[in-house]
Each structure stands twice: as structure tokens, then as C-alpha cells.
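Working through the structure, step by step
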Amino acid sequence: MKTIALLGATGSIGLQTLDVIRNHPEAFRLYSMAFGRNVEKAVPFIKEFNPSVVVVQDETAKEKLHQAMPHIDILVGSSGMVAISSASEVDVVVNAVLGSIGLEATLEAIRAKKQVAFANKETLVSAGHLVMAEAKKHGVNLLPVDSEHAAIFQCLNGEKLEDVNKLIITASGGSFRDYTRDELKQVTLEDALRHPNWSMGQKITIDSATMMNKGLEVIEAHWLFGIDYDDIEVVQHRESIIHSMVEYKDYSVLAQLGTPDMRVPIQYALTYPERLDLAVSKRLNLVEIGKLHFEEMSLDRFPCLRMAYEAGKAGGTATTVLNAANEEAVAQFLAGKIDFLTIEDYVARALDAHDYESFPSLETIMETDRLTRSQVRSYIQ
Ligand code: NDP
Ligand code: MG
């Protein structure tokens, strides 16, 4: 029996994690959960899973939850997430919170030597060198939840890193894969939120449409697997059946396949190195699918992907700025304040304005994150 702390319980990954826990009561128990302000959404799940501790984003949410459920133990904010991520009762921390807000909890979970099931890619993009140094120091494996990284992790299993030629990350292409640059000028929020293959949270759905999500994933792969940026390739694969691949020095290529269902990588990150049965929404039927397609990924067509490679190669605070600017710009797009193409403009402006520091401390990263967000907010005036 593994006890679980779930950060981001009310989100897309969080709810699918709860479904995995629900399906295997003999294997998992939810010890604690954290979410933001969405008390109404959380209450039925708190009743169902009966966690010992619940963490919310602020005092207002705490008061609201206390009104609804007076007998539960409620903690607040980043310190609350840190507390449940390092609690002695917890075996596995699932980090499915959205954005670089998950950084401190990730670091504390690693220091407490927890098994970390990791969805929160913004944390690795913002502070990959700190997170990986801490993981190495404490002998902790970050078990990827992101489907591409879960695929690569499985393809690397039992292999030597020095035998790897390159990683091949697949990309569905997002909501606008068949639009020209010109057509992108007209798109609406509603169009952008319509992802062809995956049902996900709003921010990552927009990131998929701008291709920033793939850029964040390239950086995430660089840190998780220690592979140079020049050896990480992105290929468009519209069916999202091959979740990613690894090419070895003998040119053998290993791939991991499955229908798009995030519960598969979530469950594997919880059970690794074991596997458990899972009633997937749909089993893979290759004959029914018939054909798989692969297309070149153009960095001109998707400047966010190009900026992510550039920031990744620059290293240090460059990726902190990339991530913070993107989080802020996407929030403005979701709030209806800016156009779709303004997202990439704001990220480019923030990167241009920044003087990079190569080996930033945690304090520098948090300060850079904060400053970048306020800078991007000022662009709109
Ligand atoms: P959602 O927006 O659906 O959910 C985000 C979760 O984080 C919610 O529970 C939200 O709470 C919580 N949250 C947000 N801000 C705070 C805060 N300040 N303090 C505490 N909790 C907070 O996101 P997703 O589930 O889509 O994504 C989560 C992470 O997983 C992201 O890093 C994403 O990149 C990654 N990921 C997601 C995939 C997917 O299929 N969705 C696939 C691969 C990776 P509330 O509801 O109260 O706001
Ligand atoms: Mg992914």
C-alpha cells in the first residue's frame, strides 16, 4: 500500500490521478491533497477519499472549505504544499500543480526522499539545474507523468545513456496544426481550447496550440534524461499514438505506443517498477488506426518552440524567464486581454530584455520569476 500526497488534485491530471487511486484501493491511499481556490469542485472528492490533510491556496479558500467541512485539517499556500510533500506518512508525491508555484514542494519532496510522480513541467523548466542536483544528491528518481517523458523513460529502461543517439519527441501539433501563420492572426480563445487529441487543463491546451508545450517538454527531457539539446528532436505525429522514441547508436529506435489516456503514465509513475491493470478508455487497435503520420516540425512556423530551444541552450535564468513570461502571457490570453499571437511576442520581449545568469540560486530564480511576470503585465498598458 502506497500513501499519496496529491498536489493539484482538482486539475486535469489531479482528477485522473484520483481515478487511478479509486480503481486500486488495495494499492493506494490518498493521505493529503492540495489545490488552489476551487473549493466547490474539491469537496466531493474530499468526502470520497477522506484525506488526513488538505492544502488550499489562500485564507479565503481555507475559510470557505472550513465552512463546508469543519472537521478537516486545512493548511495554506506554498508552506502547506511543502508540509504535505515531506510528511513522514507519505510515500509518493504526485506533483500535478500548475506552474512554477510547484518548485519548493518539489525540492522538499526530493529532500525527504519521496517517490516523486512528476507532471509539473514548469518547475523543471524554471529551475532544472537545482531540481536535478537535489535529486542526484538524495538518490531520488523523478518519475515522469508527461506522456512523452513516460514513453522515453520506458524506452530507456535497462539501457545505457551513453548508447543513446537522440530522443525523438512526438507532437500532435495542437489546435492549429493546419493553420498558416496568417490564419493564426484571427483565432479565438475558443478555437485554441479545442485540442484535437487530448483533454487537458486550459493552460497546457494553449501551450499545445502555440507549441510552447513542446518547447517546455524539450527542456524537461534535457533535465530528466541528461541529453543535449542538439540530440532532442521534435516530430509532428498527428495521431498521438507513439508517445515518443529513443534512437540508439546502432540506429535501433524504441517507441512506446498507446491510445491517448493520461491515466496510463500517471499509474505507471505510481507503481514503477511494477505494473497494475487499468481499464483504459480505449485499447490500441493498430488495424483500426491503419496509418501513422510524421511531419517535420518547423521552427519558423512555431517560434515558441525555437525560443524554448534557444533559452534551453542559454541555460540558467533564460528558461526561468521563458516559463514565467509564458505563464503570464497565457493567463492574459485566457482572460481575453491579448490575441493569440501576442503570447509569443510577450515571451520574445521578456527574453530580449533579460540579462542571463548561468547558475542562479533558488532566490535568484524566484526573484526572476516574479520580475518577469510583472514586466509582462506592464506590456499590456
Ligand atoms: P489544471 O489547470 O487542470 O489544474 C491545475 C491544478 O493546480 C488545479 O488543481 C489547481 O487548483 C491547482 N493550482 C493552481 N494554482 C495553484 C496554487 N497557487 N496553489 C495550489 N494549487 C494550485 O492543470 P493540468 O492538470 O492540465 O496540468 C497540471 C500540470 O501537469 C502542468 O504542469 C501541466 O503542464 C502538466 N501536464 C498536464 C497534462 C494534462 O493532460 N493535463 C499532460 C502532461 C503534463 P484549482 O482547481 O483550485 O485552481
Ligand atoms: Mg506531454
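Relevant structure appears above.
So, here's what we can say about the structure. Values in this document were obtained by computation on a predicted structure and should not be read as measured data.

1. Overview of the site of ligand 1
- Taken together, the neighbourhood of ligand 1 is formed by 24 residues, with Thr 10, Ser 12, Gly 36, Arg 37 and Glu 122 sitting nearest.
- The backbone of Gly 8 places a nitrogen or oxygen atom 3.3 Å from an oxygen atom of ligand 1.
- Measuring from an oxygen atom of ligand 1, one finds a backbone N or O atom of Leu 98 at 3.4 Å.
- Protein contacts shield 86% of the accessible area of ligand 1, which totals 900 Å² for the unbound molecule.

2. Some words on the sheet that holds strand β3 (residues 53–56)
- Within the open sheet, the seven strands sit side by side as β4-β3-β2-β1-β5-β6-β7. Their pairing is parallel. Of all the strands in the sheet, the pair left with one neighbour each is β4 (73–76) and β7 (142–144). Strand-to-strand twist across the sheet, computed as the mean angle between neighbouring axes with direction ignored, equals 25°.
- Note that strand β1 (residues 2–7) and strand β5 (residues 92–95) share four bridges and pair parallel. Bridging across to β5, Ala 5 finds its partner in Val 93.

3. Concerning the pattern of salt bridges
- In the structure shown here, the tally under the stated rule is 28 salt bridges.
- Between Glu 134 and Arg 111 there is a salt bridge whose closest N-O contact spans 2.9 Å. Of the two residues, Glu 134 sits in helix α6 (residues 121–138) while Arg 111 sits in helix α5 (residues 103–111), which places them 23 residues apart along the sequence.
- For Glu 134, a relative accessible area of 12% translates into the label buried.
- Here Lys 185 and Asp 182 are joined by a salt bridge, their closest N and O atoms 2.8 Å apart.
- Look at the salt bridges and you will find they share partners, linking Asp 19, Arg 22, Glu 48, Asp 261 and Arg 263 into a network.

4. Some thoughts on the coordination of the magnesium ion (ligand 2)
- Taken together, the protein ligands of the magnesium ion (ligand 2) are Asp 146 (OD), Glu 148 (OE) and Glu 217 (OE), with distances of 2.1 to 2.2 Å.
- Donor residues for the magnesium ion (ligand 2), ordered by position in the chain, follow D-x1-E-x68-E.
- We classify Asp 146 as buried; its relative accessible area is 8%.

5. Brief notes about the sheet that holds strand β8 (residues 164–171)
- Strand order in the open sheet made by the five strands is β11-β10-β8-β9-β12, with mixed pairing throughout. Strands with a single pairing partner mark the edges of an open sheet, and in this sheet they are β11 (253–257) and β12 (295–296).
- Pairing geometry for strand β10 (residues 242–248) and β11, over five bridges, is antiparallel. Each residue of the ladder has a partner; that of Ser 244, found in β11, is Gln 256.
- The strands that helix α7 (residues 147–156) touches are β8, β10 and β11; relative to β10, the one it contacts most, it runs at about 40°.
- Sheet strands in contact with helix α10 (residues 212–225) are β8 and β9 (232–236), and its direction is about 150° off that of β8.

Calculation rules
- Residues numbered from 1 in each chain as written.
- Chains lettered and ligands numbered in written order.
- Predicted model: local features only at pLDDT ≥ 70, side-chain atom pairs only at ≥ 80, totals over all residues.
- Heavy atoms only, no water.
- Near = heavy atom within 4 Å.
- Polar contact = N/O pair within 3.5 Å; in protein donor to acceptor, adjacent residues only side chain to side chain.
- Areas by Shrake-Rupley, 256 points an atom, 1.4 Å probe, with all protein chains shown as cover.
- Pairing = 2+ DSSP bridges.
- Helix = DSSP H or I, 4+ residues; strand = E, 2+ residues; numbered from the N terminus.
- Axes fitted to C-alpha atoms, helices over the stretch in contact; angles between N-to-C directions.
- Salt bridge = Lys/Arg side-chain N within 4 Å of Asp/Glu carboxyl O.
- Buried < 20%, exposed > 50% of the residue type's maximum accessible area, 1.4 Å probe, protein only.
- Donors = N, O, S within 2.8 Å, 3.2 Å for Na, K, Ca; no water.
- Contact = heavy atoms within 4.5 Å.

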